[in-house]
Amino acid sequence: MEDLAFSRSFRNWVLNRESPEKSFWEHWIKRHPDKAEMVKYAKALIYALHLNTTVISEDEIDEEVRKALIRLREAPRYFPLDGPDGRDGRWRGLLRSSWFWVGAVLIAAIGCGGFIFYRAHAHRDVLQTFLSSHKKERVQVQVANARPVDLPDGSVVRLGKSSKLYFPANLDRTRREVFLEGEAFFDIRKEPAAPFYVYTNQLITRALGTSFVVHSIPADGWTTVTAVTGKVSVYRQEDFYSRSAESGRAGIILTPNQEVVYDRGEDRLQKTLIAMPEPLGDKRDSLRVYQGTPIRQVFGQLEELYGIPIQFDEEALDSCSLTATIGNGSFYDKLNLICKAIGGSYEVIDGYIVVTSRGCKAR
Amino acid sequence: MSAVNLLGEDLFLWNEFRNGNADAFGALIRVHYPDLFHYGTRFTRDAELVKDCLQDLFLELWINRETISETSFVKYYLLKALRRKLTRRLGRSRYAGSWEELHFESILNGAHSVETSIIREETLTELSRKMRHALSGLSKRQQEAIYLRYYFDADIDEVAEIMSVNRQSVYNLLHDALKKLKKLSGKPSRFFLFLPFF
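All values reported here derive from a predicted model rather than from experimental measurement. (Residues numbered from 1 in each chain as written. Chains lettered and ligands numbered in written order. Predicted model: local features only at pLDDT ≥ 70, side-chain atom pairs only at ≥ 80, totals over all residues.)

Undergrad: Looking at this structure, I do not really get the overall build of chain B. What am I missing?
TA: Of the regular secondary structure elements, chain B holds 8 helices and 0 strands. Reading chain B from its N terminus to its C terminus gives the helix and strand order α-α-α-α-α-α-α-α. The buried share of chain B, taken over its 198 residues, is 38%. (Helix = DSSP H or I, 4+ residues; strand = E, 2+ residues; numbered from the N terminus. Buried ≥ 20, exposed ≤ 12 C-beta atoms within 10 Å, placed from the backbone.)

Undergrad: What should I look at first to understand the overall build of chain A in this one?
TA: A count of helices and strands for chain A gives 10 helices and 18 strands. Residues counted as buried form 29% of the 363 residues belonging to chain A. Long-range pairs, those at least 24 residues apart, make up 51% of the contacts in chain A with a sequence separation of at least 6. (Contact = placed C-beta atoms within 7 Å.)

Undergrad: Is there a simple way to think about the environment of A:Tyr41 in this case?
TA: With respect to the helices and strands, the residue A:Tyr41 is situated in helix α3 (residues 36–49). For the pair formed by A:Tyr41 and A:Leu4, sequence separation is 37 residues and the distance between their alpha carbons is 9.5 Å.

Undergrad: What is the right way to look at the packing of helix α7 (residues 126–133) of chain A against helix α2 (residues 22–40) of chain B in this model?
TA: Packed helix pairs are specified by the crossing angle of their axes together with the interaxial distance, meaning the distance between the axes. Two numbers describe how α7(A) lies on α2(B): the axes approach to 9 Å, and their chain directions differ by 35 degrees. At the point where α7(A) passes α2(B), the crossing takes the right-handed sense. Between α7(A) and α2(B), the residues in contact are A:Leu127, A:Gln128 and A:Leu131 and B:Asp23, B:Gly26, B:Ala27 and B:Arg30, respectively. Across the contact of α7(A) with α2(B), the residue classes break down as 3 nonpolar, 2 polar and 2 charged. (Axes fitted to C-alpha atoms, helices over the stretch in contact; angles between N-to-C directions. Left-handed = near helix turned anticlockwise from the far one by under 90°. Nonpolar A, V, L, I, M, F, W, Y, C, P; charged D, E, K, R; others polar.)

Undergrad: Hey, could you run me through helix α3 (residues 47–63) of chain B in this one?
TA: An α-helix turns once every 3.6 residues. As a result, residues three or four positions apart point the same way. With 17 residues, α3(B) should cover 24 Å at 1.5 Å per step; its first-to-last C-alpha distance of 24 Å lies within 8% of that length. Where α3(B) is concerned, the buried positions are B:Val50, B:Lys51, B:Cys53, B:Leu54, B:Leu57, B:Phe58, B:Leu61 and B:Trp62. (Expected span 1.5 Å × (residues − 1).)

Undergrad: Explain the nonpolar core to me, please; I cannot follow it from the model alone.
TA: Counting residues in hydrophobic clusters, the biggest one holds 100 residues, and the most contacted among them are A:Leu45, B:Leu28, B:Leu82 and B:Val159. A per-element tally of this core places α2(B) first, with 10 residues. Filtering out sequence-adjacent residues up to four positions away, B:Leu28 remains in contact with B:Leu13, B:Trp14 and B:Phe17. Among the nonpolar cores identified, the runner-up in size contains 15 residues, and A:Leu273, A:Leu335, A:Ile338 and A:Val355 belong to it. (Core = buried A, V, L, I, M, F, W, Y, C linked by C-beta atoms within 7 Å.)

Undergrad: Looking at this model, I keep getting lost on unusual backbone geometry. Mind explaining?
TA: The backbone of A:Asn257 shows a phi angle near 75 degrees, a positive value even though the residue is not glycine. Backbone geometry places B:Ser164, a non-glycine residue, at a positive phi of 55 degrees. Mapping B:Ser164 onto the fold places it in the loop between α7 (156–163) and α8 (167–185). What makes B:Ser164 exposed here is the crowd of 12 C-beta atoms within 10 Å.

Undergrad: Looking at this structure, how should I read the pairing of strand β13 (residues 268–273) of chain A?
TA: Of the pairings in the sheet, the one linking strand β12 (residues 258–263) of chain A to β13(A) comprises 6 bridges and is antiparallel in character. When the bridges of β13(A) are listed, A:Val260 appears paired with A:Lys271. (Pairing = 2+ DSSP bridges.)

Undergrad: I keep staring at the packing of helix α1 (residues 8–15) of chain A against α3(A) and nothing clicks. Help me out?
TA: Residue and element names in this part refer to chain A. Remark: α1 packs on α3, axes separated minimally by 10 Å, with the N-to-C direction vectors making an angle of 75 degrees. Taken together, the axes of α1 and α3 lie roughly perpendicular to each other. Each of Phe 10, Arg 11, Val 14 and Leu 15 in α1 lies in contact with α3, whose residues at this interface are Ala 42, Lys 43 and Ile 46. Across the contact of α1 with α3, the residue classes tally to 5 nonpolar, no polar and 2 charged. (Parallel < 35°, antiparallel > 145°, perpendicular 65-115°, else oblique.)

Undergrad: Teacher, can you tell me more about the sheet that holds strand β17 (residues 344–349) of chain A here?
TA: Within a beta sheet, neighbouring strands are joined by backbone hydrogen bonds and run either parallel or antiparallel to one another. Residue and element names in this part refer to chain A. In spatial order, the strands read β15-β18-β17; together these 3 strands make up an open sheet with mixed pairing. Lying at the two open borders of the sheet, with one neighbouring strand each, are β15 (310–312) and β17. Strand-to-strand twist in this sheet, taken as the mean axis angle between neighbours without regard to direction, amounts to 25 degrees. Sheet strands in contact with helix α10 (residues 331–341) are β17 and β18 (352–357), and its direction is about 140 degrees off that of β17.

Undergrad: What is the right way to look at the pairing of β12(A) in this model?
TA: One face of the sheet, then the other: side chains in a regular strand alternate in exactly this way. All names here are of chain A. Two elements, strand β9 (residues 222–229) and β12, share 5 bridges in a ladder whose sense is antiparallel. The partner of Thr 224 across the bridge, within β12, is Val 261. Hairpin connection from β12 to β13: 4 residues lie between these consecutive antiparallel strands, with Asp 267 at a positive phi of about 55 degrees.

Undergrad: What is the right way to read α1(A) from this model?
TA: Residue and element names in this part refer to chain A. Among all positions of α1, only Phe 10, Arg 11, Trp 13 and Val 14 are buried. For α1, the arc enclosing every buried residue in end-on projection is 165 degrees, short of the 170-degree limit, so these residues lie on one face. Those residues of α1 that are buried lie in contact with α2 (22–31) and α3. (Arc of directions from axis to C-beta.)

Undergrad: Would you mind going over the confidence of the model for chain B with me for this structure?
TA: When pLDDT is low, close inspection of the predicted coordinates is not appropriate. Residues and elements named next belong to chain B. Summary statistics for chain B give a mean pLDDT of 73 and a share of 70% for residues scoring 70 or more. Within chain B, the lowest mean pLDDT, 75, falls on helix α5 (residues 122–136), and the highest, 88, falls on α2. Low pLDDT, under 50, characterises residues 108–115; the predicted model gives this stretch 17 contacts beyond four residues in sequence or across chains. Under a pLDDT of 50 for its full length, residues 188–198 has, in the predicted model, 23 contacts with residues more than four places off or in other chains. The complex prediction reports pTM at 0.44, with the ipTM value standing at 0.74. (pLDDT = per-residue confidence, 0-100.)

Undergrad: Help me understand the confidence of the model for chain A in this model?
TA: All names here are of chain A. On average, residues of chain A score 78 in pLDDT, and 80% of them are at 70 or above. Taken element by element, chain A is modelled with least confidence in helix α5 (residues 88–96), mean pLDDT 46, and with most confidence in strand β6 (residues 196–199), mean pLDDT 92. Low pLDDT, under 50, characterises residues 76–93; the predicted model gives this stretch 10 contacts beyond four residues in sequence or across chains. Confidence drops under pLDDT 50 across residues 117–122; counting only partners more than four residues distant or on other chains, this segment forms 3 contacts.

Undergrad: Is there a simple way to think about the environment of A:Leu305 in this case?
TA: Residue and element names in this part refer to chain A. Along the polypeptide, Leu 305 turns up in helix α9 (residues 295–306). Spatially, the C-alpha atom of Leu 305 lies 9.2 Å from that of Asp 282, the residues being 23 residues apart in sequence. Leu 305 has contacts with Pro 279, Leu 280, Lys 283 and Asp 285, leaving out every residue within four places of it along the chain.

Okay, structure coming up:
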């Protein structure tokens, strides 16, 4: 009852009169005139305890945290782990030797220098950037479990094993942004005015109202984004954060069954097709009987069924036609069959199929 | 104030950190940095020294992450670890390490705090000054206990944990401190019951 001075709410009100607790405390004081003296003393104590704090700015804190992370990422190489296996004593002796430290510091300094240079040019900590851009809100962390995650905006996320999703509590009202660690299937509610962003440490995916899969598991050397329905844009974090004029063009657009693979070692994006393309959501794969059907038409139907662009030399293949029954196989089964029939071959280039054939005139 | 401040999320980040997740560790230290820095600068005005100690602390935590225990009070764990580190550092550089002489800077160091614009009621200025005087007459440990109660909403057990003393000592520290304040300030007695002892 009398612990006013140690009450956070009272303190907030005393030090900041415009606090939300304002009306509560003004009311309280009016209703308890007998407590006036007590209030006065509690206030005096709060003023007396008010410290001249050494101010540290948010930027400085960010810098310190960044420094710490750089140090610790290098750390295990230079410092022994104090494991439970009783090597303690031996290490202690070594740790006491000043030469050891001189050496360690030198190595660490060189390492850190290189690392800072490398990081400054290649990577930023996306999670930290994400968290600090949502500083004013509450950020929730959802760990994988059996049930899909229902986001406040109506989008649904299914998290893969030991994956995590960070999202701000008021996702529906502001920019729609989440941070993913691990892998997840996203089914995004259409909201043309508010793009949905999925951040990972390597790639940033932007979608308007589609479904896609993001796979970003630290142990794997690569990150992938796969479009399931509709289009998504994928950016390398470096391109995404760069403010340059070309940044708008630096993303890669994916259509269904296309996938982008980011190789962390090479820091490179490659667009390709998924291993088992699926017919588009609203299309049914059915048995098709072709009887001397022009090849243009066959490819056209395949293109339409899977949403995968197929390029070929129209002139050269003008003479080709297909007589076959196709159905039930995978996309590549069908493609193989068709190519065999026209004596051609195909390649996957940049998420497209490119068919080459000398044509069918000779036959 | 901070992005991730729920106890559960704190705990989650802590456990992630113990599993070797550097991003979680980064988020964790980002959240607690302001409080740790604030507490650290109570021991010394040398902000660079505090930053330095914090860097060492983070590195040690990381290196020892696998042997660090699970804790539900991450903040207090960190405060305690920082305190131990600073004590050792300051002890080494100044007074060969006697705990009693720990340089917990007087809460009221410098004459400026009371005069700042924070005080909106003139009539309280005199009273605050008196109270500040009374506070500065307290032992460093008493000041620290009050500070922890006041700034970090730490309860008696948490103060005991951070200061590495037992519960009874904290109780005594606070009790004596408040008795002294009461004596110096004169009246009124009821106000000084404001510490909930349970």
